[in-house]
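Chain by chain, the residues:
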Amino acid sequence: METEMGFSRFALFLFTIALLSSPVLSDLVLSKVDRRIYLTSQIVRYTATLRVENEGSELVSEVLLAFPELQAKNLAYLTVSVNEGKGKQKVSTDDLPIEVVSPKNMPPAVSFYSVTLPKGLAPGDSLTLDVMAVFTHALQPFPEKITQADIQLVVFQDSAYYLSPYAVKVQSLSVKLPEARIESYTKLENTKVHGSEIKYGPHEDLPAFSYSPIGIHFESNQPFSNAQEVEREIEISHWGNVQITEHYKLIHGGAQSKGEFSRLDFQARPNVRGASAIRYLVATLPPRAHSVYYRDEIGNISTSHLWSDSKKTELLIEPRYPMFGGWRTAFTIGYGLPLQDFLFQSEGKRFLNITLSSPMVELVIDKLIVKVVLPEGSKDISVSTPFPVKQWQETKISHLDIDGRPVVVLEKTNVVPEHNKYFQVYYKFNKLSMLREPLMLISGFFFLFVACIVYTRADISISKSSASYLAKQQWEEVQAAIQQVESIINRCLATHDKLEASLRDLSRTGDVQACKAARKTADGLLKDLSKELKPLLAFLQSSPSASQILPKVEDLVAKEKELQERVMTKHSTVVDAYERKSAGKDIENRVALQQQKITALKQEVDDLMEYIDEI
Amino acid sequence: MVNKSEPGDGNTKPAAAAMPASSLKSDLLNNLSFKTFKLKTKQQELLIRVSILCLVYILAFITRLFSVLRYESMIHEFDPYFNYRTTLFLTQKGFYEFWNWFDSESWYPLGRIIGGTLYPGLMVTAAVIYWVVRFLRFAVHIREVCVLTAPFFASNTTVVAYFFGKEIWDSGAGLIAAALIAICPGYISRSVAGSYDNEGVAIFALLLTFYLFVKAVNTGSLSWALASAFGYFYMVSAWGGYVFIINLIPLYVMVLLITGRYSMRLYVAYNCMYVLGMLLAMQIRFVGFQHVQSGEHMAAMGVFFLLQVFYFLDWVKHMLSDTKLFQAFLRITVTSAVGAGAIALGVGMASGYISPWTGRFYSLLDPTYAKDHIPIIASVSEHQPTAWSSFMFDFHILLFLFPAGLYFCFKRLSDATIFIVMYGLTSMYFAGVMVRLILVATPAVCLISAIAVSATIKNLTMLLRSKSKVAQSGSTKATSSAKASSKTSLDQSQPFQRNGAIALLLGAFYLLSKYATHCTWVTSEAYSSPSIVLAARGAHGNRVIFDDYREAYFWLRQNTPPDAKVMSWWDYGYQITAMGNRTVIVDNNTWNNTHIATVGRAMSSYEDEAYEIMRSLDVDYVLVVFGGVTGYSSDDINKFLWMVRIGGGVFPIIKEPDYLVNGEYRVDKGAAPKMLNCLMYKLCYYRFGEMVTEYGKPPGYDRARGVEIGNKDVKLEYLEEAFTTSNWIVRIYKVKPPNNRW
């Protein structure tokens, strides 16, 4: 009962345009009009086939299409093409140019679109036009508020007759509904219902601007997913990636939910208690999309699924909660695409060729903002879009940018999936600029290391005459001296090893002369070394800060001297013995005692070296 | 190693002249590699030390990233959400706005002066890092910075631990301390990625202050003391735990004075650190004049004056040659100084100028205090006394290396080791009192254990090395080996020393590797859960994610009016304001006990009484956490007794025995009637009686408590269900507007 009343009120409210017998615009007549309206989803799609005849005497080059203003407000997409096919074979040519016009002497509350014909219509000729229009927000939920258990009912309003500035000879209308359940509809003469389809007409010989409001009130549990704003950022990296980030602000545009939301009911019978809720959204991404993510302001959302094959990548996302009428959510999806699929080159320019709108299936977007972020240093930027959009430029500062990346911003309101067409952004970009960022990083690290080196090498103490500074400097000198001493001792030890080696050679070859020569050179070397040692020792003795370590160093030098002598005597004993051709065992016995001492001394020298090393 | 290069240098040069350029190159390389070999032992050691330290630094960072790998880059738990929200505010609005921020979104209708009631150190640190990184043109999100702040500071802590260990023992101990603290679960529990809490930077600041102070005491240098004052300032700005520093350092000075270790170095270090630190700390609005006005800070001031008296006496002693006269003077001065101090303290206390110790401080000294007097402190699980198992869990082998380290410290007593011993002992006591203070004890335990490990291993390797040297020299001449071994007479008395040393070294290695595996396991299994997202194993072994908290908070954020007020138990306050962006009645700040008690009272009253309370607080939504469907045990029903206790503490109309049956807390048929009809019960179990949670159990079976609920027919009169998350963990109810009169 209530619905009936509300519905009639609606119908009254809708249109008050008088069926004026306005002056005939031109001599065109529509001989046949077939309209089909699809209400199967929240987006209303409308196709009309118009048979246009020129009954006048002049060539006509444009045809006017009329829509009631209330509909025109919701009109998102309109194309008209010439149908040149004969009979059933329909061949559509390219879309014809359309522009909004407001001719004089026309009834109010009607919007006009002028279609320019390619060749013009000669007197007596006729031609067929295919009109396709898409409307958003054309379905009004009624009642406006429902509980979780109620089904969602919507109202659609239009005219049973084709609104046209021209007289129409024969016309018919069929409306396709999503489900067979129809709450009510306006009955005119010859109205038929077949399942989920309502047919009006045919009606014959109606004058221009005939109008007969009809309303259809029916069940529609289709998700009314309506994005109030979508911001789409396409970022190009010449390193091989196109990164797409899409921010959605979504609302369920259907009947408002009222009363309780019971999770229990929703879980038990989701198709009855919450039939119109948006439970998931599907996005069809291009093939080879990778690194897909789905998150919102407060973090990752784990309810999503991804399928991919060679033709497409399909992403199914569930909002954090099932969305009932009037509920909102906001989220972000992002994915990467291979650069070579979308970026091409022509005439010295690069161009990006990518779809404009969101990849979501059956989503109405009230406001779409597309930002194309070009690499830093791009020049001569131009955009070509399949339909007019608002556009301007910005800059965005991202990783390692100096003056920011140029951003082309496109804005379009009232966007439907039909708008998801390719558009192109042309720009010039020098490939060498790609290396700028890595070079910056490299040089950054380089200067960091250089700074470290300079810091460790440079003397940055403020007071060069303070006691602690002098002491520190002295200590460093002492350390250097000690290190020199150590290296000399090490060389001495190495000479000892050489002597020992010559002895081993002797026992193998018996070459006494060679062994003697070795001793001579070693002797000379050791003397040189001890000469080198003297000034160092003198310096250490004079330096006050070396007083702690001095006894150890002196001890070391003395021990080494002793060791040196022992090794020499051992060497000469062995060589002498060889000269006298003594028995091997005899030599060994004679040397054994010396050898023991040498070992002990070596041990001591080693210990001392280690001790000094640790200071 | 050194003498190897000698023949090579001479030979290659003439050969190289004849050879083509390519071999010249290889020759050059040869020479280069020789040069690298020519590093002196010192340089080699430095290289090894620096590379170990770098590895430890990286390890400390990456071991804390388990949570990011397992879950995502997100903020964890409760308090971090407040810190995140304030950091966001700071980066968006700037410092002055932040400092003067009056937050009307929490503690409705009272509000909260954020700038004056928080420790800004963490937020400022994160914001500065964020600004620096942005300045270097890395376009990071502030969330990433916040998530990684704690691991970054944990890495820095390892460096401080190294220097601290070097200062008190040697560089070996420092390295081991750095390695131990890098992976110690006691520290990781508060510093995993996403754990964006004050403790994350505070432990770094704490250890830094201590290190700088010990350095100042060791050197007597003003600059180190100054640095330690600034370290203290940073600590004060970051965490309320600075009270530990301002009490431990005076205590340490006291001990040094008593043990006769007073020195000019100590005098300089303490005075500079105390005076400057105090002045700097006063710049933090939340701390304000507490350093001169609160009982907790009086010990530091007393010690400060005592040091002056000591200095004065020293001077007098120097001037007076007569010891008898000095004795008399000493007696008079000490008595009058102590007397004056006592009178000043008494007058201060009596006049109310010096505030008495707070409840939190009392509860630290006396573990039973909170239970009897402050239920709100006792209700927090991390304020419970520590169980042995959690000590074992958090310290593992450090627990018995700790006494060994103490032994080594006492063996080589110095000003520095006395400090670490005192730090270790006091913090261990506090760790026993409260679970969360294990965190404070962790650096001390790591340092002391590092001393034990380092000293032991050093001793063992020394044994091994001396033995092997003898063996080497012995083997050069087989005949003399008998005599060589006879020379080292010490070895003969302990024939298995070398084998023993090897065995012990292997044992130590085994223990340390066990420690490493334990730490990794604990980090990945226990401490990397964000507790916002819950993960469980499904029936088929697959991972099931319960993301109910965020589901509910996001629902609140999107589908409630922007000025809606949400009432929930205080645990969820910070999360609701940060993630839900809605006003809450109470939150985790717990500064107003009465307000929390009011909420507790509403939750434990009958619906109509609760409605009156909620109307008076302008509540629009009520949020409860319920684990009956999933078996999630830390839900509001299990916390409910605390609400009753806290509510009853202020409103005697709420009596705990009303909710118990024979002292037992139950929710099934045998539960107390008041329990079955109070608001919390109704909200949790609304329509739960129709739900079958587990196969083979009756409907309304509560999986968290394992019982069938007692009141299955819950009717709500003043509230209606607004939203319940998919696993029922969070339930939100809308408070209905009052009925029209006519």
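It should be emphasised that the depicted structure is a prediction, and the values quoted were computed from it without experimental measurement. (Residues numbered from 1 in each chain as written. Chains lettered and ligands numbered in written order. Predicted model: local features only at pLDDT ≥ 70, side-chain atom pairs only at ≥ 80, totals over all residues. Heavy atoms only, no water.)

### A few points about the environment of Asn593(B)
Residues and elements named next belong to chain B. With respect to the element layout, asparagine 593 can be found in helix 30 (residues 593-604). For asparagine 593, a relative accessible area of 35% translates into the label partly exposed. Between the C-alpha atoms of asparagine 593 and valine 303, which are 290 residues apart in sequence, the distance is 35 Å. The contacts of asparagine 593, once residues within four sequence positions are left out, are Ile376, Ile646 and Val650. (Helix = DSSP H or I, 4+ residues; strand = E, 2+ residues; numbered from the N terminus. Buried < 20%, exposed > 50% of the residue type's maximum accessible area, 1.4 Å probe, protein only. Contact = heavy atoms within 4.5 Å.)

### Remarks on the UniProt feature "transmembrane region" (unreviewed entry) in chain A
Residues annotated by UniProt as "transmembrane region" (unreviewed entry) correspond here to residues 438-456 of chain A. Between the end C-alpha atoms of residues 438-456 of chain A the distance is 27 Å, and the span holds 100% helix and 0% strand. (UniProt positions renumbered as here; feature names shortened; annotations may be inferred.)

### Quick look at the sheet that holds strand 20 (residues 281-285) of chain A
All names here are of chain A. The three strands lie next to each other as 20-24-23, forming an open sheet whose pairing is antiparallel. One side of each edge strand has no neighbouring strand; the edge strands of this open sheet are strand 20 and strand 23 (304-308). Pairwise comparison of adjacent strand axes, ignoring direction, gives a mean angle of 15° for this sheet. (Pairing = 2+ DSSP bridges. Axes fitted to C-alpha atoms, helices over the stretch in contact; angles between N-to-C directions.)

### Things to note about a nonpolar patch on the surface
There is a patch of nonpolar side chains on the surface, built from Leu441(A), Phe445(A), Leu448(A), Phe449(A), Val128(B), Trp131(B), Val132(B), Phe135(B), Leu136(B) and Phe138(B) and spanning about 980 Å² of accessible area. Considering the arrangement of structural elements, one finds Phe135(B) in helix 7 (residues 121-135). In this structure Phe135(B) comes out as exposed when scored by relative accessible area, which is 68%. (Patch = residues over 30% accessible without salt bridge, like charges linked within 9 Å, V, L, I, M, F, W, Y side chains within 5 Å. Areas by Shrake-Rupley, 256 points an atom, 1.4 Å probe, with all protein chains shown as cover. Salt bridge = Lys/Arg side-chain N within 4 Å of Asp/Glu carboxyl O.)

### Observations concerning the interface of chain A and chain B
Counting residues at the interface gives 42 residues for chain A, matched by 39 residues for chain B. Buried surface at the junction of chain A and chain B, both sides included, amounts to about 3,800 Å², of which 48% is carbon and sulfur. The interface formed by chain A and chain B contains four salt bridges. Note that Asp265(A) and Arg687(B) form a salt bridge whose closest N and O atoms lie 3.0 Å from each other. The tally of links between chain A and chain B comes to 21 residue pairs in polar contact (both at pLDDT 80 or more). Mapped onto the side of chain A that touches chain B, the elements with two or more residues apiece are helix 3 (263-268), strand 21 (290-296), strand 22 (299-300), strand 25 (328-338), helix 5 (467-509) and helix 8 (584-614) of chain A. Of the residues contributing to the side of chain A that touches chain B, the split by class is 12 nonpolar, 16 polar and 14 charged. (Buried area = accessible area lost by both parts, 1.4 Å probe. Polar contact = N/O pair within 3.5 Å; in protein donor to acceptor, adjacent residues only side chain to side chain. Nonpolar A, V, L, I, M, F, W, Y, C, P; charged D, E, K, R; others polar.)

### Notes on helix 5 of chain A
Side chains three or four residues apart in an α-helix point the same way, a direct result of the helix having 3.6 residues per turn. Taking 1.5 Å of rise per residue, the 43 residues of helix 5 of chain A would be expected to cover 63 Å, and the 62 Å separating its terminal C-alpha atoms lies within 8% of that figure. Among the residues trailing helix 5 of chain A, Gly510(A) stands out with phi positive, at a value near 80°. (Expected span 1.5 Å × (residues − 1).)

### Let's talk about the environment of Thr303(A)
Residues and elements named next belong to chain A. Turning to its location among the elements, threonine 303 is positioned in the loop between strand 22 and strand 23. Spatially, the C-alpha atom of threonine 303 lies 53 Å from that of valine 52, the residues being 251 residues apart in sequence. Those residues within four positions of threonine 303 in sequence are excluded, and the remaining contacts are Tyr294, Leu316, Ile317, Glu318 and Pro319.

### Brief notes about the packing of aromatic side chains
Using the criterion set out here, one finds 75 aromatic pairs over all chains in the structure. Between Phe324(A) and Trp327(A), the ring centres sit 5.3 Å apart and the planes meet at 65°, which makes this aromatic pair edge-to-face. Considered together, Phe324(A) and Trp327(A) belong to a single accessibility category, that of buried residues. Arranged with centres 5.6 Å apart and planes meeting at 80°, the rings of Phe640(B) and Tyr659(B) form a pair that is edge-to-face. Taken as a pair, Phe640(B) in helix 32 (residues 636-650) and Tyr659(B) in the loop between helix 32 and helix 33 (673-677) lie far apart in primary sequence, 19 residues in all. Residue class for Phe640(B) comes out buried when judged on its relative accessible area of 0%. What makes Tyr659(B) buried here is its relative accessible area of 0%. (Phe/Tyr/Trp six-rings, centres within 6.5 Å; stacked < 30°, edge-to-face > 60°.)

### Observations concerning the pattern of salt bridges
All names here are of chain A. For the structure shown, the criterion picks out 59 salt bridges over all chains. A salt bridge links aspartate 265 to arginine 273; the shortest N-O distance between them is 3.4 Å. For aspartate 265, a relative accessible area of 13% puts it in the buried group. For aspartate 341, the salt bridge goes to arginine 288, with nearest N and O atoms at 2.7 Å. Residue aspartate 341 is found in the loop between strand 25 and strand 26 (343-346), and its partner arginine 288 is found in the loop between strand 20 and strand 21; the two are separated by 53 residues along the sequence. Judged by its relative accessible area of 24%, aspartate 341 falls in the partly exposed class.

### Some thoughts on helix 30 of chain B
Residues and elements named next belong to chain B. Between its terminal C-alpha atoms helix 30 stretches 16 Å, which fits the 16 Å expected from 12 residues at 1.5 Å a residue. Among the 12 residues of helix 30, nine are classified as buried, and the element is accordingly described as predominantly covered. For helix 30, the complete set of buried residues consists of His595, Ile596, Ala597, Thr598, Val599, Gly600, Ala602, Met603 and Ser604. Where helix 30 begins, one side-chain oxygen reaches toward the backbone nitrogen of threonine 594, 3.1 Å away; that side chain belongs to asparagine 592.

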